[in-house]
Amino acid sequence: MIFTRRVLAALPLAGPVLAQGFPSQPIRLVTPYPPGGGTDTVARMLLPHLVAQLGQTIIVENRGGAGGAIGAGEVARAAGDGHTLLLDAMGHVVNPSLMPNLPFDYATAFTPITQLTLQPQMLVVPQASPFATLGALIEAARARPGVFNFASSGNGTGAHLAMVALSRAAGIEVVHVPYRGGGPAMTDLLAGNVSMAFASVAAASAHVQSGRLRALGAAGPREIPALPGMRPIAEQGFPGFDWDEWNGLWTTAGAPRGAVARLHAATVFALAQPDVRARMAGIGIVPLGTGEADFAAFVAAQRERAAQLIRAANITLG
């Protein structure tokens, strides 16, 4: 388990005041992954504006381990008063299928607040790869099943599921090489030790722009502004392909409606600030700030889609 703590002192309250009396104490913001990753980065970008809006100290806790389940469990066990938040990612919808014996239910233990971001992924190959297009890679993989491999940051991660989904859609067989995190996976990809990987724009765009990696297609349904001209995989023979990653914000189930509304308003305000939007755009993150009901529906659909793929492909943590 990895645990770090970071505290920002409260700043003067700004913006509209909702749910008078909340928050009445410091807020815990749990990110269930180690420091320095995409989820932690989003938390750090939003933190000063959340403090200003909510008028309370916010304690950010990195509770890494078990694919995000340890940190999520911390929030699930907290008091349902809105003072404990969970800033999670793909693990939130994957873990229920990969870890059926968890002591809490992801579907009922949390109250959704908003989808914070979209974190686009893309399929990339090393500089020395012979493949200049997605079509060429798939043609070669069909002719040589089991010869090519792909990196991911671990079993059941967004990068893993995206490649499994593409493999099944394309009728190819490629070997999964899971790593203990995105950093080691990227290192081996850059060195040419693996054939390909799905990687976030935040992690890979600089390497694509420098020529150390070649991007073959966007995992989402639209082009990536930072890399104009790279077509979505959905437009390259795989309609409906959409395996971008994302971040969302929850609190413990049972939180008062007024507290949830206050948290939602503060978060949407933070996401709209020019400094946040500029920093996110610089690393390829798309700020959203969806409504609570829309976010709940999105999460339910993502959970079911992930469960179907995990069952069909027999994905396990082993």
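Above this note sits the structure.
Overview of the structure.

Analysis parameters
- Residues numbered from 1 in each chain as written.
- Predicted model: local features only at pLDDT ≥ 70, side-chain atom pairs only at ≥ 80, totals over all residues.
- Heavy atoms only, no water.
- Helix = DSSP H or I, 4+ residues; strand = E, 2+ residues; numbered from the N terminus.
- Rg over C-alpha atoms; globule rule 2.2 N^0.38 Å.
- Contact = heavy atoms within 4.5 Å.
- Areas by Shrake-Rupley, 256 points an atom, 1.4 Å probe, with all protein chains shown as cover.
- Lys, Arg positive; Asp, Glu negative; His and termini not counted.
- Charge placed at Lys NZ, Arg CZ, Asp CG, Glu CD.
- Axes fitted to C-alpha atoms, helices over the stretch in contact; angles between N-to-C directions.
- Parallel < 35°, antiparallel > 145°, perpendicular 65-115°, else oblique.
- Left-handed = near helix turned anticlockwise from the far one by under 90°.
- Nonpolar A, V, L, I, M, F, W, Y, C, P; charged D, E, K, R; others polar.
- Pairing = 2+ DSSP bridges.
- Salt bridge = Lys/Arg side-chain N within 4 Å of Asp/Glu carboxyl O.
- Buried < 20%, exposed > 50% of the residue type's maximum accessible area, 1.4 Å probe, protein only.
- Core = buried A, V, L, I, M, F, W, Y, C linked by side-chain atoms within 4.5 Å.
- Phe/Tyr/Trp six-rings, centres within 6.5 Å; stacked < 30°, edge-to-face > 60°.
- Lys NZ or Arg CZ within 6 Å of the ring centre and 35° of its normal.

1. So, the overall build of the protein chain
The helix and strand inventory of the protein chain stands at 10 helices and 12 strands. The C-alpha atoms of the protein chain give 20 Å as radius of gyration, which agrees with the globular expectation for 318 residues (20 Å, within 12%). Taken over the C-alpha atoms alone, the protein chain extends approximately 65 × 40 × 35 Å along its principal axes. Taking the contacts inside the protein chain whose residues are at least 6 apart along the sequence as the reference set, 81% of them involve residues at least 24 apart. Surface accessibility of the protein chain: about 12,900 Å² in total, with carbon and sulfur atoms responsible for 56%. Averaging the coordinates of the 21 positive side-chain charges in the protein chain and doing the same for the 18 negative ones gives two points 3 Å apart.

2. Some words on the packing of helix 3 (residues 91–98) against helix 10 (residues 292–313)
The N-to-C vectors of helix 3 and helix 10 enclose an angle of 45°; their axes lie 8 Å apart at closest approach. As summarised for this structure, helix 3 and helix 10 are arranged oblique, according to the angle between their axes. Like other packed secondary-structure pairs, helix 3 and helix 10 cross with a definite hand, here right-handed. Along the contact surface, helix 3 presents H92, V93, V94, P96, S97 and L98, while helix 10 presents V299, Q302, R303, A306, A307 and I310. Split by residue class, the contact of helix 3 with helix 10 holds eight nonpolar, three polar and one charged.

3. Here's the deal with the sheet that holds strand 8 (residues 175–178)
Read from one edge of the open sheet, five strands run 8-7-9-6-10, paired in mixed fashion. Taken across any chain shown, the strands that pair with only one partner, and hence form the sheet edges, are strand 8 and strand 10 (213–218). Neighbour-to-neighbour, the strand axes of the sheet open up by a mean angle of 30°, direction not taken into account. Two elements, strand 7 (residues 149–152) and strand 9 (residues 196–200), share two bridges in a ladder whose sense is parallel. The residue bridging F150 from the neighbouring strand is M196, located in strand 9.

4. Some details on the pattern of salt bridges
Counted according to the given criterion, the structure contains eight salt bridges. Notably, a salt bridge pairs E74 with R63, separated by 3.9 Å at the nearest N-O pair. Of this pair, E74 sits in helix 2 (residues 69–76) while R63 sits in strand 3 (residues 58–64), placing them 11 residues apart in sequence. Comparing E74 with R63 shows no difference in burial state: the two are buried. Notably, a salt bridge pairs E292 with R257, separated by 2.7 Å at the nearest N-O pair.

5. What to know about the nonpolar core
Membership of the largest hydrophobic core comes to 52 residues, with the highest contact counts inside it found for F110, L161, M163, L166, M196, F198 and F241. Secondary structure elements with two or more residues in this core: helix 2, helix 3, strand 6 (121–126), helix 4 (134–143), helix 5 (158–170), strand 9, strand 11 (245–252) and helix 10. It is helix 5 that provides the largest number of residues to this core, a total of eight residues. Other than its neighbours up to four places away in sequence, L166 contacts L123, L134, F198, I233, F238 and F241. Ranked by size, the runner-up nonpolar core spans 28 residues in total, among them A43, L47, L271 and I285.

6. Considerations on the packing of aromatic side chains
Any pair of aromatic rings gets described here by the distance separating the centres and the angle formed by the planes. For the structure on display, the rule yields nine aromatic pairs. Seen from their ring centres, Y106 and F110 are 5.9 Å apart, and the 45° between their planes marks the pair as tilted. Take Y106 and F110: they sit in the same class, and that class is buried. Between W246 and F295, the ring centres sit 6.5 Å apart and the planes meet at 80°, which makes this aromatic pair edge-to-face. With W246 in strand 11 and F295 in helix 10, this pair connects stretches of sequence that are 49 residues apart. Connected via pairs of aromatic rings, a cluster forms that spans W246, W250, F295 and F298. The ring of W243 carries the charged tip of R305 above its face, separated from the ring centre by 3.6 Å.

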